[in-house]
Amino acid sequence: MELHVVINGRKDLAEQLYQQLRGAIDSGRLAAGAQLPPSRLLAAQLGISRKTVSDTYALLTYENYLVGKIGRGTFVSPRPVKAERKQSAQDLACVQSLERWQTIPSPLRHPTLEGTLRYEFIGGATTRAQFPQDHWRSCTQDALRRMAQAGGFYSQPEGLPVLRNAIAGHVAFSRGVVCTAQDIVVCNGAQQALDLIARVVLEPGSLVAMEDPGYTPARLLFQAQGARVVGVPVDAEGIEVARIPDGVRLIYVTPSHQFPLGMPMSQARREALLERAQQLGAIVIEDDYDSEFRYEGRPTDSLQSLDSRGVVAYVGTFSKSMLPQLRLGYAVLPPAILPAVIKAKQLCDCHTPTLPQWALAKFIDEGYLQKHIRRCHAVYAGRRERILLRLQGDLAPWLEAVPCTAGFHMAALCKVPVDIPLLLDLAKKVEVGLYSLQEFFHDSPVREGLFIGFGAIETLDIDPALDKVRDILQQIT
């Protein structure tokens, strides 16, 4: 890598070099410990004499900007970086926009590795111990070989054809989704899929309806794009379709495993929702985030499979079935909005990185994904059963599980008044990560309770963790 130094003309060469190197060190652009090029190499790069470079290095060494290490080279000495006053947000014309973004919360943000508690019930986190690292490594190596054979061009914004074909087969088999590869756009996680759909459907002031309680990151995303979000209450059958207001352009639902309460949407509600969307001319986003994991009853088809009107945008993710860090998701889009979403994807980030796309395509085609899902299903089923037994046992005086049949989180509602913030704070002090349902409510009255994820916590840790929760509840109620 070349050192960025610019020499103008043929006068004061040593002074020019000295000022630029000193300025780079003072500003921190050349960090403490950074190695400078050998004098012969830098002289050749700049087209000046080696003596000029050697003399400049010597002067900066004398002034304690550089230090020479015998047999290793010349390095930047540790020095305090001069603090230069930068413009504050108040100095900028966009100050109001910046302040608005600063007020947006960050719900469901996962802890850093250093901040992870011993017993963690956070939602959306998967079981790392079950992930087939060796199979993924072999798929990644295959992807590297494929990339080495490809030309140095950007890829398609909608995603690699081989991955879209694999996704089409996967969702048709596992969720009954009716699609071809041409209907699919590969995204950086489901959150980008939501963002792209909202970009092409919404304008500032547009009305969005979504379940209440519901997935807060989706609500915040729609609001950030200038939409007005209306929370529609849910009951045991899902979203109350009759309460979706007129004028709505976008309806966001989680019909297979309502987020965060967990119940599935009934068949009657699904049909009513599709009818209401057609009346409104609205697009329905079906977020099918973790429905691969079903434990009771008959499998339910996706809402998209019932859609004969072309109003459902089906959004899926591999963050829940594989690892969140992969950031791979997809959208199966109705023909009316597909071209616009592809154009938005191209303008947004050109395309999702192709290395993980190639790897995931092989991972699916080789059958590794289905094997991994089956393996995780058994693990999650055991954890779910253990938590339900505790909620029906010694935790029953305080908490009641909301019936759910899928996913790897559940909700537990309070049966008696409980100071939830105090419970969460005391649990954290004994290394138990608990989470409240409160942040998922928007317009509807808050129902106090806990959002219990069981993807990250090990099965043998569930009972010790819930023992601590029981002991705290006995103390505070």
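Residues numbered from 1 in each chain as written. Predicted model: local features only at pLDDT ≥ 70, side-chain atom pairs only at ≥ 80, totals over all residues. Heavy atoms only, no water.

Asks: I'm lost on the packing of aromatic side chains in this one. Help?
Replies: Each aromatic ring pair is specified by the distance between its two centres and by the angle formed by the two planes. In this structure the tally under the stated criterion is 16 aromatic pairs. Ring geometry for Phe-293 and Phe-408: centres 5.8 Å apart, planes at 80 degrees, overall edge-to-face. Note that Phe-293 is positioned in the loop between β9 (283-287) and β10 (312-317) and Phe-408 in the loop between β12 (399-401) and β13 (409-414), a separation of 115 residues in sequence. Here Phe-293 matches Phe-408 in class, with each residue buried. One aromatic cluster in this structure is built from Tyr-215, Phe-259, Tyr-289, Phe-440 and Phe-451. Taking the ring centre of Phe-75 as reference, the NZ or CZ of Lys-69 above it sits at 4.7 Å. (Phe/Tyr/Trp six-rings, centres within 6.5 Å; stacked < 30°, edge-to-face > 60°. Helix = DSSP H or I, 4+ residues; strand = E, 2+ residues; numbered from the N terminus. Buried < 20%, exposed > 50% of the residue type's maximum accessible area, 1.4 Å probe, protein only. Lys NZ or Arg CZ within 6 Å of the ring centre and 35° of its normal.)

Asks: Hey, could you run me through the nonpolar core in this one?
Replies: Burial of nonpolar side chains together is a common tendency in soluble globular proteins. Within the largest apolar cluster, 61 residues are counted, with the highest numbers of intra-cluster contacts made by Phe-121, Phe-318 and Leu-360. Counting residues per element, this core draws most heavily on helix α12 (residues 368-391), which supplies 8 residues. Sequence-distant contacts of Leu-360, that is, excluding residues within four places in its chain, are made with Trp-136, Leu-163, Phe-318, Met-322 and Leu-328. Counting residues in hydrophobic clusters, the runner-up holds 43 residues, among them Ala-227, Val-234, Ile-337 and Phe-440. (Core = buried A, V, L, I, M, F, W, Y, C linked by side-chain atoms within 4.5 Å. Contact = heavy atoms within 4.5 Å.)

Asks: Sorry, what's going on with the UniProt feature "domain: HTH gntR-type" (unreviewed entry) in the chain here?
Replies: Here the UniProt feature "domain: HTH gntR-type" (unreviewed entry) sits at residues 11-79. With 52% helix and 12% strand, the stretch residues 11-79 has end C-alpha atoms that lie 30 Å from each other. (UniProt positions renumbered as here; feature names shortened; annotations may be inferred.)

Asks: Teacher, can you tell me more about the environment of Pro-217 here?
Replies: Mapped onto the elements, Pro-217 comes out in helix α8 (residues 216-224). Along the backbone, Pro-217 and Leu-21 are 196 residues apart, and their C-alpha atoms lie at a distance of 46 Å. Among all residues touching Pro-217, those that are not within four sequence positions of it are Pro-107, Leu-108 and Gln-191.

Asks: What is the right way to read the pairing of β9 from this model?
Replies: Sheet faces and side chains relate simply in a regular strand, where the side chains alternate between the two faces. Counting buried positions along β9 yields 5 of 5 residues, so the element is predominantly enclosed. Of the two faces of β9, both are covered, the one formed by Ile-283, Ile-285 and Asp-287 as well as the one formed by Val-284 and Glu-286. Here strand β8 (residues 248-253) runs beside β9; their pairing, made up of 4 bridges, is parallel. Opposite Tyr-252, over in β9, you have Ile-285 as the bridge partner. Note that the unit made of β8, helix α9 (residues 267-280) and β9 has a crossover that is right-handed. (Pairing = 2+ DSSP bridges. Right-handed = clockwise from strand over helix to strand, strands pointing away.)

Asks: Where do I start with the sheet that holds β12 in this structure?
Replies: Across a sheet, paired strands are connected by hydrogen bonds in the backbone, their directions being either parallel or antiparallel. Taken together, 3 strands build an open sheet; the order of strands is β12-β13-β15 and the sheet is antiparallel. In this open sheet, the two edge strands, each paired with only one partner strand, are β12 and β15 (449-453). Neighbour-to-neighbour, the strand axes of the sheet open up by a mean angle of 30 degrees, direction not taken into account. Across 5 bridges, β13 lies against β15 in antiparallel orientation. For Ala-412, the partnering residue across the bridge sits in β15 and is Leu-450. (Axes fitted to C-alpha atoms, helices over the stretch in contact; angles between N-to-C directions.)

Asks: How should I be thinking about unusual backbone geometry in this particular structure?
Replies: Glycine aside, residues mostly have negative phi angles, and peptide bonds mostly take the trans form. With an omega dihedral of 10 degrees, the bond running from Asp-212 to Pro-213 counts as a cis peptide bond. Tracing the backbone shows Pro-213 in the loop between β5 (207-212) and α8. Note that the residue after Phe-259, namely Pro-260, is joined by a cis bond; omega there is 10 degrees. Structurally, Pro-260 is set in the loop between β8 and α9. Notably, Glu-431 is not glycine yet its phi reads approximately 70 degrees, a positive angle. Mapped onto the secondary structure, Glu-431 falls in the loop between α13 (420-429) and β14 (432-433).

Asks: I tried to follow the state of the cysteines on my own but got confused; where do I start?
Replies: In a disulfide, the sulfur atoms of two cysteines are held together by a covalent bond. In the structure shown here, the tally under the stated rule is 0 disulfides. Cys-348 supplies the cysteine sulfur nearest to Cys-94, a cysteine that is in no disulfide, at a spacing of 20 Å. According to the relative accessible area criterion, Cys-94 is partly exposed, its value standing at 37%. Not part of a disulfide, Cys-404 finds its nearest cysteine sulfur in Cys-414, a span of 17 Å. Cys-404 sits in the buried class, given a relative accessible area of 7%. (Disulfide = S-S within 2.5 Å.)

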